[in-house]
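Chains, contacts and geometry: an overview
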Amino acid sequence: MNLLAPLTVPLGDNVPPLVLDAPWLLVLAVILPWAVWWLRRQRRVQRTQRLARFAEPEALQRLVPQAAGDRRRTWRLVLAAVCIGLAMAGPRWGLASGPVSARGIDMAIALDASLSMMAPDEKPNRLERMKQEVRRLRAMSQADRVALMAFAGRSYILTPLTSDDGAIELFLENLDPSVVGQAGSSLARALRQGTELLLASDGSADRALVLMTDGESFDTAEDVETAAREAGAKGISVVTVGFGTTAGSTIPVRDGSVVKNKVDDEGNVVVTRYSPTLLEQAATAANGTFIPAEASDKASRIRATLRTLRTARRSIDTREDHVPRFLWLLVPALLLLCWDTWRLVMPRRHPARQPAGAPVSTLMLLALIPSVGVACSREPDPAALFAEGRVAEAVAAYRALVAQGDSSARTLYNLGSAVLGADSLAEAQALLDAVRKNSEGDVRARARFNAGLAALKQGRLPDNPDADQQLAAARAAYRAFLTERPGYADAKWTYELALRKQPPQSGGGGGGGGGGNNQNNDQQQEPQSDGGLDQRQADALLNSAAREEKDVQGRKQRQGRVPPGGKDW
């Protein structure tokens, strides 16, 4: 992955109205053309008055005919002046997504995905109502980093803390009871895992844990209160949100093509009811907030509760803005002035037609020369130096920017990436890790990738006593990167290369392919680039790792399939 490229954004489908950066400068679109026309008129009047001293008007018409192109020249200059005046107003049209700076918190949302959430006492069912509230909450707080968790008998992290609405919506859309492997409902486990997830995050913003459920749980009240109290003691704001009705409802389950009501082990039809007691007790123990199921507009109430938390400034790519279009007017104006100047100085067959006096177009062109000179005198772009292979010069240029006070995440990321290109691996890893901890969005993801690459290169160095630690850091970085961007091929290849360099585990245990084979294969891959593996090998290894992980998770889930008390909803 090279240096951070400028963000490119697609245009929106709907063309919005015209927007002007400085509408008051529109007056120039009137003043400038009028001034050009008036100057040209004054020039014609003065010329006529001078010639009138030598002959009568009728004789002048025969002796000094008016230039046919004089009026065309006037209109060219007037049109150029109109374009310049409009460009000065800063016209914008067409939508494009762009980065926006905003303040937000870190929030983990634990969603009850147990079977009882399919009860239709809230239309269409409790689960869908819960998803609607999550979407509304996300729309109100786009600068927040949000992590999604699903829980039933166990708790599962669906997404890490992220501002990526696409990833959040993907997991939210596919959330249903089949996602969780163990039936039942455990609020305490969800509270504990949410606390661990938030405490493991880096950043200066306050943290909040939002628990959305119908309140049915096989946990004891003491266990739930203890988990909530621990979260509150560690500075996490806990908000519990209820769903369902106290009257309750049966639970529809699908058996093939038939939908029937859920029954317990004794054959009785199960009726699930909203239970606010545990939710209220958890909120009280954590000094948090309880929002009952009867409350309307739950998302707004959650947002109001969290409004007092300390936020951190971060950049998000969700805003749609109008695209600057001033060049569409400035370039035609410049071409008109160049054409007029060329027409003025080129040889003529009829010299009498050539106008006298200082050309207005030349003056207008001279006004544009300073800006061209400034553009030409700029220092070389460090990113361009890096792209040309002049890595040492790029590093020096980025260090100069930092010395001048540019401590933005993008500049520090580019410096770390350039240092990585110069093979100063330890320094690059330190710089990129610092950027990862203090940035968001694309910069954070790229910093994580390149920090993992620096760790991988150090882990592959011969006779490195810290090789195992560096390889572990590389694997952790690539796992986190692939969680956010699972389709990135380069990350897959480098991750698999880090896995191949992993020392063989004692005890063996399934998965096919011994450690010795892996070592041999790795030696064969040494001459390759940092990608390490071709696409076929990477896909095969990833599929093997996925199968092993699925088997492990399946064994763990089968060990505790039936929750305490026999309640599997």
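Residues numbered from 1 in each chain as written. Predicted model: local features only at pLDDT ≥ 70, side-chain atom pairs only at ≥ 80, totals over all residues. Heavy atoms only, no water.

1. Here's the deal with the overall build of the protein chain
Within the protein chain, the regular secondary structure consists of 20 helices and 13 strands. Across the 569 residues of the protein chain, 41% fall into the buried class. Of the contacts made within the protein chain by residues no fewer than 6 positions apart, 76% connect residues no fewer than 24 positions apart. Only carbon and sulfur atoms are counted for the fraction: they give 56% of the accessible area of the protein chain, which is about 30000 Å². (Helix = DSSP H or I, 4+ residues; strand = E, 2+ residues; numbered from the N terminus. Buried < 20%, exposed > 50% of the residue type's maximum accessible area, 1.4 Å probe, protein only. Contact = heavy atoms within 4.5 Å. Areas by Shrake-Rupley, 256 points an atom, 1.4 Å probe, with all protein chains shown as cover.)

2. Concerning the confidence of the model for the protein chain
Chain-level pLDDT for the protein chain is 75 on average; 72% of the residues reach the 70-or-more range. Confidence drops under pLDDT 50 across residues 371–378; counting only partners more than four residues distant or on other chains, this segment forms 0 contacts. Segment residues 552–562: pLDDT under 50, and 10 contacts once partners within four positions in sequence are set aside and those in other chains are kept. (pLDDT = per-residue confidence, 0-100.)

3. A look at helix H1 (residues 28–52)
Structurally, the α-helix is built with 3.6 residues per turn, so residues lying three or four positions apart point the same way. With 25 residues, H1 extends 36 Å between its outermost C-alpha atoms, agreeing within 8% with the 36 Å of an ideal straight helix rising 1.5 Å per residue. Those residues of H1 lying buried are Ala29, Pro33, Val36 and Arg40. (Expected span 1.5 Å × (residues − 1).)

4. A short note on the packing of helix H16 (residues 441–459) against helix H17 (residues 467–484)
How two helices sit against one another is set out by the angle between their axes and by the gap between those axes. It is the contact of H16 with H17, at a shortest axis distance of 8 Å, that shows an interaxial angle of 155°. Judged by the inter-axis angle, H16 sits roughly antiparallel to H17. With respect to the hand of their crossing, H16 and H17 are arranged in left-handed fashion. Each of Ala445, Arg448, Phe449, Gly452, Leu453, Ala455, Leu456, Gln458 and Gly459 in H16 lies in contact with H17, whose residues at this interface are Ala467, Gln470, Leu471, Ala473, Ala474, Ala477, Tyr478, Ala480, Phe481 and Glu484. (Axes fitted to C-alpha atoms, helices over the stretch in contact; angles between N-to-C directions. Parallel < 35°, antiparallel > 145°, perpendicular 65-115°, else oblique. Left-handed = near helix turned anticlockwise from the far one by under 90°.)

5. A word on the pattern of salt bridges
Opposite charge on two side chains lets them pair, provided their charged atoms get close. A complete count under the given rule lists 18 salt bridges for this structure. The network of salt bridges with common partners includes Arg73, Arg76 and Asp340. (Salt bridge = Lys/Arg side-chain N within 4 Å of Asp/Glu carboxyl O.)

6. Side note on helix H3 (residues 70–88)
Along its 19 residues, H3 runs 27 Å from first to last C-alpha, staying within 8% of the 27 Å computed at 1.5 Å per residue. When we look at burial in H3, the residues that qualify are Asp70, Arg73, Thr74, Arg76, Leu77, Val78, Ala80, Ala81, Cys83, Ile84, Gly85 and Ala87. Phi for glycine 90, located one or two positions after H3, is positive at around 70°.

7. Some words on the environment of serine 300
Mapped onto the elements, serine 300 comes out in helix H9 (residues 298–306). Overall, the relative accessible area of 25% leaves serine 300 in the partly exposed class. Spatially, the C-alpha atoms of serine 300 and leucine 137 are 7.1 Å apart, while their sequence positions differ by 163 residues. If we skip the residues at most four places from it in the chain, serine 300 touches Arg136 and Met140.

8. Topic: unusual backbone geometry
That bond from lysine 123 to proline 124 is cis: its omega, -5°, falls within 30 degrees of zero. One non-glycine residue, asparagine 287, adopts positive backbone phi at about 55°. In this fold, asparagine 287 is placed in the loop between helix H8 (276–285) and strand E12 (289–291). In this structure asparagine 287 comes out as exposed when scored by relative accessible area, which is 74%. One non-glycine residue, aspartate 297, adopts positive backbone phi at about 55°. Judged by its relative accessible area of 36%, aspartate 297 is partly exposed.

9. Some thoughts on the nonpolar core
Residues Ile109, Leu111, Leu148, Met212 and Ile302 are the most contacted members of the largest nonpolar core, which totals 32 residues. With 4 residues, helix H4 (residues 126–140) is the largest single contributor of residues to this core. Not counting the four nearest positions on each side in its chain, isoleucine 302 is found in contact with Leu137, Val210, Met212, Val239, Val241 and Ile291. (Core = buried A, V, L, I, M, F, W, Y, C linked by side-chain atoms within 4.5 Å.)

10. With respect to the pairing of strand E9 (residues 252–255)
As paired elements, E9 and strand E10 (residues 258–261) share 4 bridges and run antiparallel to each other. Bridging from a neighbouring strand, valine 253 pairs with lysine 260 of E10. Linking E9 to E10, which pair antiparallel, is a turn of 2 residues; within it glycine 256 sits at a positive phi near 70°. (Pairing = 2+ DSSP bridges.)

11. Overview of the packing of aromatic side chains
In total, this model carries 4 aromatic pairs according to the counting rule given. On the basis of an interplanar angle of 35° and a centroid distance of 5.3 Å, the ring pair of tryptophan 339 and tryptophan 342 is categorised as tilted. Of this pair, tryptophan 339 and tryptophan 342 both sit in helix H10 (residues 327–345), 3 residues apart, which is roughly one turn of the helix. Of the aromatic side chains, those joined through ring pairs into one cluster are Phe449, Tyr478 and Phe481. Here the basic side chain of lysine 298 rests over the ring of phenylalanine 243, its NZ or CZ set 5.1 Å away from the ring centre. (Phe/Tyr/Trp six-rings, centres within 6.5 Å; stacked < 30°, edge-to-face > 60°. Lys NZ or Arg CZ within 6 Å of the ring centre and 35° of its normal.)

12. Quick word on the sheet that holds strand E6 (residues 207–213)
Pairing within the open sheet is mixed, and its 6 strands lie in the order E5-E4-E3-E6-E7-E12. Both edges of this open sheet fall to strand E5 (155–157) and E12, since each of them pairs with a single strand only. On average, each strand axis in the sheet is inclined to that of its neighbour by 20°, with strand direction left out of account. Both strand E7 (residues 236–242) and E12 contribute to a ladder of 3 bridges, which runs parallel. The residue of E12 that forms the bridge with threonine 240 is phenylalanine 290.

13. Concerning a nonpolar patch on the surface
A cluster of nonpolar residues, Phe326, Leu327, Trp328, Leu330, Val331 and Leu335, forms a patch on the protein surface that exposes about 590 Å² of accessible area. The residue leucine 327 is located in helix H10 in this model. (Patch = residues over 30% accessible without salt bridge, like charges linked within 9 Å, V, L, I, M, F, W, Y side chains within 5 Å.)

14. Regarding the pairing of strand E4 (residues 145–151)
Across the 7 residues of E4, 7 count as buried, placing the element largely inside the fold. Because side chains alternate across E4, one face comprises the buried residues Arg145, Ala147, Met149 and Phe151, and the other comprises Val146, Leu148 and Ala150, equally buried. Where strand E3 (residues 106–112) meets E4, 7 bridges bridge the pair, whose relative direction is parallel. Bridge pairing in E4 links methionine 107 to valine 146. Viewed along the sheet, the connection from E3 through H4 into E4 turns out right-handed. Sheet topology note: the E4/E5 ladder contains 3 bridges and is antiparallel. Within the sheet, the bridge partner assigned to methionine 149 lies in E5 and is isoleucine 157. Here E4 folds back onto E5 in antiparallel fashion, the turn holding 3 residues. (Right-handed = clockwise from strand over helix to strand, strands pointing away.)

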